[in-house]
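Letter by letter, the chains look like this.
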Amino acid sequence: MWIDTHCHLDAAEFDADRDVVREAARISGVTRCVIPAVHRAHWDDVAQLAERHGDAYALGIHPLYVPQAQETDLLALDRALTERQEDPRLVAVGEIGLDFFVPELCTPEMRERQWFFYTAQLKLAQKHGLPVILHVRRSADLLLKGLRQCRISSGIAHAFNGSTQQAQAFVDMGFTLGFGGTLTYERSLQLRRLACELPLSALVLETDAPDIPPQWLYKTAEQRSQGAAQGRNSPAELPRMAQVLADLRGLSWPDLATATSANACRVLPKLANAPL
């Protein structure tokens, strides 16, 4: 049994067949998905999806949506977390973080705005006693600074692709690191090395579906120019991704499933008791 700790099941790419996609994942052995929100308009959607499919969810404002976010959205997030505090499916504040890869988000003004929304949401996580699900893209050091300032001690660094030192810093703070589609590419040498060298207790599995397709779904720019559609990632791909990690570490499927599921429940404590 597998847990997909990061799946955007609410994304428009799944509008035509969302329930079919989720059932396919269940048949493949994915018993639970964590569905993080990306902006205010999706908060009710992710909660309803988690209820319908026996999954879990997180509420937050993604850094890619910070440009159009308003400070009133933070007040609304505080209210939503208060209203849903007894909901066993609400397991984290997320997806939040910093993105210094997208050029439009790297101007001094946007860096400052991202920092404001990131730290404000960290404070809400602390206030409501929830872990966080972090978006980490060329921003690990500053994310760690925020965690230290706000004294957040649990969560997931989603799609981690940083250095060994940064990985260890997150682990030392009580975080796990999310591994998924990127690990399936043979050229991901640094990430594969990390996946082998870090303690097993530091790892959780994720798809980020419909994004970050694994190697077997990826189409090159040349293939796309010739009409091939980019493969849509889905939570049903998680067991095959897990096999890559199991092979790299020399683990059996059952051992990896047991360990990564336990890790997810450790850093997202409400996940263990969320109803199926």
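This text goes with the structure placed above it.
Everything in this summary refers to the structure shown in the same document.

Criteria and cut-off values
- Residues numbered from 1 in each chain as written.
- Predicted model: local features only at pLDDT ≥ 70, side-chain atom pairs only at ≥ 80, totals over all residues.
- Heavy atoms only, no water.
- Helix = DSSP H or I, 4+ residues; strand = E, 2+ residues; numbered from the N terminus.
- Rg over C-alpha atoms; globule rule 2.2 N^0.38 Å.
- Buried < 20%, exposed > 50% of the residue type's maximum accessible area, 1.4 Å probe, protein only.
- Contact = heavy atoms within 4.5 Å.
- Areas by Shrake-Rupley, 256 points an atom, 1.4 Å probe, with all protein chains shown as cover.
- Lys, Arg positive; Asp, Glu negative; His and termini not counted.
- Charge placed at Lys NZ, Arg CZ, Asp CG, Glu CD.
- Pairing = 2+ DSSP bridges.
- Right-handed = clockwise from strand over helix to strand, strands pointing away.
- Arc of directions from axis to C-beta.
- Axes fitted to C-alpha atoms, helices over the stretch in contact; angles between N-to-C directions.
- Core = buried A, V, L, I, M, F, W, Y, C linked by side-chain atoms within 4.5 Å.

**Quick notes on the overall build of the chain**
Per the secondary structure count, the chain includes 10 helices and eight strands. Whereas a compact globule of 276 residues would reach a radius of gyration of roughly 19 Å, the chain reaches 18 Å, a difference of no more than 12%. The buried share of the chain, reckoned over its 276 residues, is 55%. Of the contacts formed within the chain by residues at least 6 apart in sequence, a portion of 71% connects residues at least 24 apart. Counting every atom, the chain has about 12100 Å² of accessible surface; 51% of that belongs to carbon and sulfur. The averaged location of the 33 negative side-chain charges in the chain is 3 Å from the averaged location of its 28 positive side-chain charges.

**Notes on the pairing of strand β4 (residues 90-99)**
Most of β4 sits out of view: 10 of its 10 residues are buried. When strand β3 (residues 56-59) meets β4, the two strands line up parallel, connected through three bridges. Within β4, the residue paired with L59 across the bridge is V93. Of the crossover connections in this fold, the one passing from β4 over helix α4 (residues 108-128) to the parallel strand β5 (residues 132-137) is right-handed.

**Thoughts on helix α2 (residues 43-53)**
Residues of α2 that are buried: W43, V46, A47, L49, A50 and H53. Angularly, the buried residues of α2 cover 160 degrees about the axis, an arc narrow enough to put them on a single face. Residues of α2 that are buried in the fold lie against α1 (18-28), β2 (30-36), β3 and α3 (71-83). G54 sits one or two positions beyond α2 and adopts a positive phi of about 70 degrees.

**Quick word on the sheet that holds strand β6 (residues 155-158)**
Note: strands within a sheet are paired through backbone hydrogen bonds, in either parallel or antiparallel orientation. Sheet architecture is open: eight strands sit in the order β1-β2-β3-β4-β5-β6-β7-β8, paired in parallel fashion. Strands with a single pairing partner mark the edges of an open sheet, and in this sheet they are β1 (2-4) and β8 (203-205). Ignoring which end each strand starts from, the neighbouring axes of this sheet average 30 degrees apart. One ladder, built from three bridges, connects β1 with β2; its direction is parallel. Looking at β2, one finds that D4 is bridged to C33. Seen against the sheet, α1 touches β1 and β2 and runs at an angle of roughly 135 degrees to β2. Sheet strands in contact with α4 are β4 and β5, and its direction is about 160 degrees off that of β4.

**Topic: the nonpolar core**
Ranked by internal contacts, the top residues of the largest apolar core, which has 75 residues, are L59, V132, L134, L147 and F170. Other than its neighbours up to four places away in sequence, F170 contacts L134, A140, L143, L144, L147, A157, F160, F175 and L177. Of all hydrophobic cores here, the second largest spans 13 residues; its members include I3, A56, I156 and A264.

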